[in-house]
Amino acid sequence: MAAPLDMESPTLSLELLPTDPLLLILSFLDYRDLVSCCYLSRRLNQLSSHDPLWKRHCKKYWLISEEEKSKRNQSWKSIFISTYSDLGRYIHYYATLKKAWDDLEKYLGQRCPRMIGSLKESVREEDLDAVEAQIGCKLPDDYRCSFRIHNGQKLVVPGLMGSMALSNHYRSEDLLDIDTAAGGFQQRLGLKQCLPLTFCIHTGLSQYMALESVEGRNKYEIFYQCPDQMALNPSAIDMFITGTSYLEWFTSYVNKVVTGGYPIIRDQIFRYVHDKECVATTGDITVSVSTSFLPELSSVHPPHYFFTYRIRIEMSKDALPEKACQLDSRYWRITNAKGDVEEVQGPGVVGEFPIITPGRVYEYTSCTTFPTTSGYMEGYYTFHCLYYKEKFFNVTIPRFHMVCPTFKVSTARMETNHNEYAVDEDEDSTDTDEYEDRRRVLDIPAPSGRCPRHT
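Since the model is a prediction, treat every value here as computed from it, not as a measurement.

Enquirer: Give a detailed account of the overall build of the protein, specifying residues and quantitative values.
Expert: For the protein, the helix and strand inventory stands at 13 helices and 20 strands. Residues counted as buried form 48% of the 455 residues belonging to the protein. Residue pairs at least 24 apart in sequence account for 63% of intrachain contacts in the protein once pairs closer than 6 positions are excluded. About 22,000 Å² of surface is accessible on the protein, with carbon and sulfur atoms providing 51% of the total.

Enquirer: Give a detailed account of the pairing of strand β17 (residues 361-370), specifying residues and quantitative values.
Expert: Counted residue by residue, β17 has eight buried out of ten residues, so it is predominantly covered. In the sheet, strand β13 (residues 305-315) pairs with β17 via ten bridges, with the strands oriented antiparallel. In the sheet register, Tyr305 faces β17, and the bridge partner there is Phe370.

Enquirer: Account for the pattern of salt bridges, with residues named and values stated.
Expert: Using the criterion set out here, one finds 28 salt bridges in the structure. The closest approach of N and O atoms between Arg72 and Glu68, which form a salt bridge, is 3.1 Å. Pair noted here: Arg72 and Glu68 are both in helix α5 (residues 66-72), with a separation of four residues, about one helical turn. Judged by its relative accessible area of 31%, Arg72 is partly exposed. Salt bridges here are not isolated pairs; linked through shared partners, they connect Asp86, Arg89, Glu125, Asp129, Glu132, Lys138, Asp141, Arg144 and Arg148.

Enquirer: Break down the side chain of Ser118 for me, with residues and values.
Expert: Within the fold, Ser118 resides in the loop between α7 (94-111) and α8 (125-135). Apart from the residues within four sequence positions on either side, Ser118 is in contact with Gly152, Gln153, Lys154 and Val156.

Enquirer: An account of the pairing of strand β19 (residues 392-403) is needed here, citing residue identities and associated values.
Expert: Direction of pairing for strand β18 (residues 374-385) relative to β19: antiparallel, over a ladder of ten bridges. Bridged to Gly379 within β19 is Ile397. With antiparallel pairing between neighbouring strands as the criterion, β18 and β19 make up a hairpin whose turn holds six residues.

Enquirer: Lay out a nonpolar patch on the surface in plain terms, naming residues and giving numbers.
Expert: A grouping of Leu155, Val157 and Ile201 is seen on the molecular surface, where their side chains present a nonpolar patch of about 240 Å² in accessible area. Tracing the sequence through the fold places Leu155 in the loop between α9 (141-147) and β1 (163-166).

Enquirer: With reference to specific residues and values, describe helix α1 (residues 19-26).
Expert: Within the span of α1, buried status applies to Leu22, Leu23 and Leu26. The buried residues of α1 occupy an angular sector of 100° when the element is viewed end-on, so they sit on one face. Across from the buried face of α1, at angles greater than 90 degrees, the exposed residues are Asp20 and Leu24. On the buried face of α1, the contacting elements are α2 (31-37), α3 (42-48) and α4 (51-62).

Enquirer: Could you give me a rundown of unusual backbone geometry, with the residues and numbers involved?
Expert: The residue after Val157, namely Pro158, is reached through a cis peptide bond having omega 5°. Take Pro158: it is sitting in the loop between α9 and β1. With omega at 5°, the peptide bond leading from His301 into Pro302 counts as cis. Tracing the backbone shows Pro302 in the loop between β12 (285-293) and β13. At Glu215, a residue that is not glycine, the phi angle is positive and equals roughly 55°. Here Glu215 is to be found in the loop between β6 (207-210) and β7 (222-227). Judged by its relative accessible area of 18%, Glu215 is buried. Non-glycine residue Arg266 carries a positive phi angle of around 50°.

What counts, and at which threshold
Residues numbered from 1 in each chain as written. Predicted model: local features only at pLDDT ≥ 70, side-chain atom pairs only at ≥ 80, totals over all residues. Heavy atoms only, no water. Helix = DSSP H or I, 4+ residues; strand = E, 2+ residues; numbered from the N terminus. Buried < 20%, exposed > 50% of the residue type's maximum accessible area, 1.4 Å probe, protein only. Contact = heavy atoms within 4.5 Å. Areas by Shrake-Rupley, 256 points an atom, 1.4 Å probe, with all protein chains shown as cover. Pairing = 2+ DSSP bridges. Salt bridge = Lys/Arg side-chain N within 4 Å of Asp/Glu carboxyl O. Patch = residues over 30% accessible without salt bridge, like charges linked within 9 Å, V, L, I, M, F, W, Y side chains within 5 Å. Arc of directions from axis to C-beta.

Below you can see the structure in the form of structure tokens.
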């Protein structure tokens, strides 16, 4: 017989659910909601303390492994709570930064282990508080969090943040420890409230983080300083932007390293970017190119953007021995963003005439400059066969593009009469004598030779 229509149905309550489905529901809650359940009822208090529920949160936020749990000899909930009491303010950053550091250490440990020895242990929370009191500025939580994992590195060569070598110009950037960074904190005009993140002992180059939104910078923006050489005001500093936050800046760099985006050469990280499409094969010979922008040799005013490129020439190991050949000359077609074209032709490359045989790889580095923020190069090499000396052939160099990072113009320059900064952007900025003069302006140690341009 059907129940009367006016009979009330019993109210459904979570507490009336069996234990297993209730635990399943609780497993979808975040740690905050799980803690809140402890105060709702005695049963939910008991169930929310079910240890397997806290395993997911320990792994998600603190990257705690089963092995580490066994060593600690604590419950998952105890581990979460004790870790939160120490690192709770960094809960939204810790897992991402810890994974980046772990991945970097693992990768470098296999490829350039001596760099691992330069890393410093973590700092305490009170050490970071003391630095904030010293400089009178708050440090962003993602930056603080990274130092709770590693306190940067010792001032050594090679630097963790990448190297660059070109002819007689060399730089290698260290990731500064917190005390050294605090010692370099800037309050002078042009760099007010800026903290150095990196430092190169060869060039004095640093990447800075803006701790406040002043002088045209966004808060926590990361940049290379670039003196405005055409300004009468010495505080006129232009900026090449390298990151919008410490988290983005550091993790994107680590990703480039551990995915092979930056090559490991002579036991150090080189910051060359390789476009996978920038490869050309002619017969048995493949040419590929990677490029890098050098902020320390560039300027916005006058417009002079300096790039280096690394070229790899390789003959297939399956090629016949009689395919061995020698490079005779090179031809370049160089186009800037305005469409202006420069053609360069000359013997050899970097003063050499390499012989290419099956399986052999030849690599070299050269440079170019543009009066515009971008440009591209392409061309070919001319070879002759070693077994048939009268036989010549060309090998294609793929087109490769170079683009400088986003930059910001000095507010000191913008506030001054623009007539002081008349710039002829059509002027060719690739002359090597100008390159030497500008090195002196930037106070970069002069090399014993000149940059081999377009080789």
